[in-house]
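Notes for the structure review
Okay, here's what each chain looks like letter by letter:
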Amino acid sequence: MRLALTAPAIADVALVWGPLRPGPDDTARWATEVLAAELPAGARVDVHGFEARTTTTGWPYDVVVGVVVVDERVVQARLAACYRFLEYAGAALAIAPTVDVLDAARPVLLAAFATGRPDWGADGTVVCLRDLVVPRS
Amino acid sequence: MLPAVLPSWRLERFVDGVGLVPPGGRTQGGIRIRDRQRPLKSITYLFRDAASALALDGLDATPLEPLLTVEGEYAACSTLTGTLEGHRTERTLAFVLGDDHYTRIDGVTLVPERFGQMRALVRELAHLYSLGLGLLRRRRYLYEPPRGWSGYPRALTTEWLAPGYPADDSTLTVFPARPMIETGADTLDVMLHELGWTGFAPVDAATQPVTTPHLTGHVRSYRGLRDGRPRHVHLAILEDGRFSYMSRLDAPADGITHVAVLRDLIASIIPLPIPQPPERSAPTNDAFANWSD
């Protein structure tokens, strides 16, 4: 089970997303954890904003924005989307080297986030018996 | 089955199963059986993962052959060829599929004269292999998934979400087949996992008989309210004399067009297989005994 996104390549911005996980009890805390994923050594993340949205088909998600700070200097700007898909959750994280780069890419990123949807059968998850009997193309 | 081969093949035990070594020793090849493997994945992934782990150069594979075991369980088999350390090698892999685990049977030989025999042995082992799950249990069954709908697995149940879900919050739920004889525990299980209609208040209902190419039954259609909004629930229950096959469409009033999707799905249901006796009375005796020169 994975998050599926339709996203173009964006210059100087890394956009990553991955497998679904059980839905968190505290979605705000989880969103902050997503934004703070794989921080550089000695870094902290400052959260600057939090916004509830829905995808084009109506799945709820939160957009959280912030910066990564090392020695009181901003070294990265980050924008994350944290989705809730029934009992599961999925996240996408965009990382830019500066706030300006992230701001320029924000419309494209938000458009990509709006396409978020669950791919329940990703990674070989058995959705129905047909998956066990009929090879996938 | 396994006792029949022990007189001529050596049985080795492993933490996760057994190995069978032919007369002449490992240089002749062997068969490895790994029981109760998890996680269960789609058959495409199981073979892909297994094949990539074999590290064969110039890998080629026969198309997956679907099999049924004597217990009526689904299985699949394929033969992989390639070279290993300069030697032409052939491996035949079979997977016997349970509800949430599988058994992997892996036969290998470096002796080209034995390739055909190894293929036959692994295939027969898979056909005869016993998972011991019992026939009368809740099981998934085959049907044509609704095109464009997104399948969300909940254990043996699959909840198909409408293409526009959740804006169109229509769901088509396919429950596991159930033995016709139900116990009190089964009734509780249905209440907990299948008919949790909390919040749905039926206003009226109508029943229509249904006959498909393999099954007969009926569709009961309910109109009602959930959270003050009109909902339609259509419950299809079909039978083959051994199992009942239940599926449910739950849609808003304007989702009534999805009834055709439910109708197509139940028409495509293939009843669970009936266990078959072995193809031959004692196939493994001959096959294994002939291995020895």
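Keep in mind that what you see is a predicted model, and the values were worked out from it rather than measured. (Residues numbered from 1 in each chain as written. Chains lettered and ligands numbered in written order. Predicted model: local features only at pLDDT ≥ 70, side-chain atom pairs only at ≥ 80, totals over all residues. Heavy atoms only, no water.)

**A closer look at the overall build of chain A**
Which entries qualify depends on this criterion: Strands here mean DSSP runs of E at least two residues long; helices mean DSSP runs of H or I at least four residues long; both are numbered from the N terminus. With a 1.4 Å probe rolled over the protein chains alone, any residue whose accessible area is under 20% of its type maximum counts as buried; one over 50% counts as exposed, and the rest are partly exposed. Contacts are assigned to residue pairs that have any heavy atoms within 4.5 Å of one another. Note that accessible areas follow from Shrake-Rupley with a 1.4 Å probe, and for residues the cover is restricted to the protein chains shown. In this tally, Asp and Glu contribute negative charge and Lys and Arg positive charge; neither His nor the terminal groups of the chain are included. All charge positions are set by atom: Lys at NZ, Arg at CZ, Asp at CG, Glu at CD.
Along its length, chain A carries three helices and eight strands. Moving toward the C terminus, one meets the helices and strands of chain A in the order β-β-β-α-β-β-β-β-α-β-α. Dimensions along the principal axes, computed over C-alpha positions, put chain A at roughly 55 × 30 × 30 Å. Counting the 137 residues in chain A, one finds 47% classified as buried. Taking the contacts inside chain A whose residues are at least 6 apart along the sequence as the reference set, 57% of them involve residues at least 24 apart. Accessible surface, chain A as shown: approximately 6,400 Å² in total, 54% of it carbon and sulfur. Taking the average place of the 12 positive charges on the side chains of chain A and the average place of its 16 negative ones, the gap between the two points comes to 4 Å.

**Quick word on the overall build of chain B**
Looking only at helices and strands, chain B has six helices and 16 strands in total. Every one of the 293 residues in chain B was classed for burial, and the buried ones make up 49%. Partitioning the intrachain contacts of chain B with sequence separation of at least 6 by distance along the chain shows that 53% fall at a separation of at least 24. Counting only carbon and sulfur atoms, one obtains 55% of the accessible surface of chain B, whose full area is about 14,000 Å².

**Some details on the interface of chain A and chain B**
Interface size is often expressed as the accessible area that is lost when the parts come together. This is how it is decided: Buried area counts how much accessible surface, traced with a 1.4 Å probe, disappears from two parts once they are put together, with both parts' losses summed. When a carboxyl oxygen of Asp or Glu lies within 4 Å of a side-chain nitrogen of Lys or Arg, that pair is called a salt bridge. Each residue gets one label: Ala, Val, Leu, Ile, Met, Phe, Trp, Tyr, Cys and Pro are nonpolar, Asp, Glu, Lys and Arg are charged, and the others, such as Gly, are polar.
Each partner contributes residues to the interface: chain A has 23 residues there, and chain B has 28 residues. Buried surface at the junction of chain A and chain B, summed over both partners, amounts to about 2,300 Å²; 66% is from carbon and sulfur atoms. In this assembly, chain A and chain B are joined by two salt bridges. Between Arg 154 of chain B and Glu 87 of chain A there is a salt bridge; the shortest N-O distance is 3.0 Å. When residues of the side of chain A that touches chain B are assigned to their parent elements, the largest contribution, four residues, is made by helix 3 (residues 130-133) of chain A. Along the lines of polarity and charge, the residues of the side of chain A that touches chain B split into 14 nonpolar, four polar and five charged.

**A few points about the packing of aromatic side chains**
Two numbers describe a pair of aromatic rings. These are the distance of the centres and the angle of the planes. Stated formally: Note on aromatic pairs: the rings of Phe, Tyr and Trp (six-membered ring only in Trp) are paired at centre separations within 6.5 Å, and the planes decide the class, stacked below 30 degrees, edge-to-face beyond 60, tilted for the rest. Criterion for a charge above a ring: Arg CZ or Lys NZ at most 6 Å from the ring centre, at most 35 degrees from the ring normal.
A complete count under the given rule lists 12 aromatic pairs over all chains for this structure. Aromatic side chains Trp 59 of chain A and Tyr 165 of chain B sit 5.3 Å apart centroid to centroid with 50 degrees between the ring planes, which places their arrangement in the tilted category. In this pair, Trp 59 of chain A is assigned in the loop between strand 4 (43-54) and strand 5 (60-70) and Tyr 165 of chain B in the loop between strand 10 (157-161) and strand 11 (171-174), connecting two distinct chains. Look at Tyr 165 of chain B and you get buried, because its relative accessible area is 13%. Through pairs of rings, three or more aromatic residues link up here, namely Trp 59, Tyr 61, Tyr 83 and Phe 85 of chain A together with Tyr 165 of chain B. Stacked on the ring of Phe 14 of chain B, the Lys or Arg Arg 32 of chain B has its end atom at 3.9 Å from the ring centre. Above the plane of the ring of Tyr 45 of chain B lies Arg 48 of chain B, whose end atom (NZ or CZ) is 4.9 Å from the centre.

**Notes on the nonpolar core**
Rules: Only buried residues count toward a nonpolar core. Its members are Ala, Val, Leu, Ile, Met, Phe, Trp, Tyr and Cys residues joined through side-chain atoms within 4.5 Å.
Of all hydrophobic cores here, the largest spans 55 residues; its most connected members are Leu 79, Leu 109 and Phe 113 of chain A together with Ile 266 of chain B. With sequence-adjacent residues up to four places away left out, Ile 266 of chain B is seen in contact with Val 210, Thr 212, Val 219, Ala 236, Leu 238 and Ser 247 of chain B. Ranked by size, the runner-up nonpolar core spans 20 residues in total, among them Leu 129 and Leu 132 of chain A together with Leu 46 and Phe 95 of chain B.

**Topic: the confidence of the model for chain B**
Residue and element names in this part refer to chain B. The cut-off we apply is this: Per-residue confidence from the predictor is reported as pLDDT, a score between 0 and 100.
Per-chain confidence: chain B averages 87 in pLDDT, with 88% of residues scoring 70 or above. Across chain B, strand 10 holds the top mean pLDDT of 97, while helix 6 (residues 283-289) sits lowest at 50. In the model, residues 281-285 has pLDDT below 50 throughout and makes nine contacts with residues more than four positions away in sequence or in other chains. If you check the scores for this complex, the pTM reads 0.89 and the ipTM reads 0.90.

**With respect to the side chain of Asp 62 of chain A**
Residue and element names in this part refer to chain A. Defined as follows: Think of a polar contact as two N or O atoms within 3.5 Å of one another; within protein, one of them needs to be a possible hydrogen donor and the other a possible acceptor, and neighboring residues in sequence only count if both atoms come from side chains.
Of note, Asp 62 is situated in strand 5. Polar side-chain contacts of Asp 62 include one of 3.1 Å to the side chain of Arg 84. Not counting the four nearest positions on each side in its chain, Asp 62 is found in contact with Thr 27, Phe 50, Glu 51, Ala 52, Ala 80, Ala 81, Cys 82 and Arg 84.

**Some remarks on helix 2 (residues 99-113) of chain A**
Put simply, the rule is: Axes are fitted to the seven residues ending at a residue and to the seven starting at it; the angle between these axes is taken as the bend at that residue.
Approximately 55 degrees is the largest bend angle found in helix 2 of chain A, and it occurs at Arg 106 of chain A, with the proline Pro 107 of chain A only one to four residues beyond. By the burial criterion, the buried members of helix 2 of chain A are Leu 102, Ala 105, Leu 109, Leu 110, Ala 112 and Phe 113 of chain A.

**A few points about unusual backbone geometry**
The omega torsion across Arg 38 of chain B and Pro 39 of chain B is 0 degrees, close enough to zero to call that bond cis. At Glu 38 of chain A, a residue that is not glycine, the phi angle is positive and equals roughly 50 degrees. Its place among the elements puts Glu 38 of chain A in the loop between helix 1 (27-35) and strand 4. For Glu 38 of chain A, a relative accessible area of 78% translates into the label exposed.

**Some words on the environment of Thr 173 of chain B**
Residues and elements named next belong to chain B. Tracing the backbone through its elements, the reader meets Thr 173 in strand 11. Exposure remark for Thr 173: the relative accessible area of 2% places this residue in the buried category. Spatially, the C-alpha atom of Thr 173 lies 9.3 Å from that of Tyr 152, the residues being 21 residues apart in sequence.

**What to know about helix 2 (residues 43-53) of chain B**
Two residues of an α-helix separated by three or four positions point the same way, owing to the 3.6 residues in each turn. For clarity, the threshold we go by: Here the arc refers to the set of directions running from the helix axis out to each C-beta atom.
If you check which residues of helix 2 of chain B are buried, you get Ile 43, Thr 44, Leu 46, Phe 47, Ala 50 and Ala 51 of chain B. Projected down its long axis, helix 2 of chain B carries its buried residues within an arc of 165 degrees, all on one side. Exposed residues lying more than 90 degrees from the buried face of helix 2 of chain B are Ser 52 and Ala 53 of chain B. Residues of helix 2 of chain B that are buried make contact with helix 3 of chain A together with strand 4 (57-61), strand 6 (74-84), strand 7 (87-97) and strand 8 (102-109) of chain B. Looking one or two residues beyond helix 2 of chain B, the residue adopting positive phi is Ala 55 of chain B, at roughly 60 degrees.

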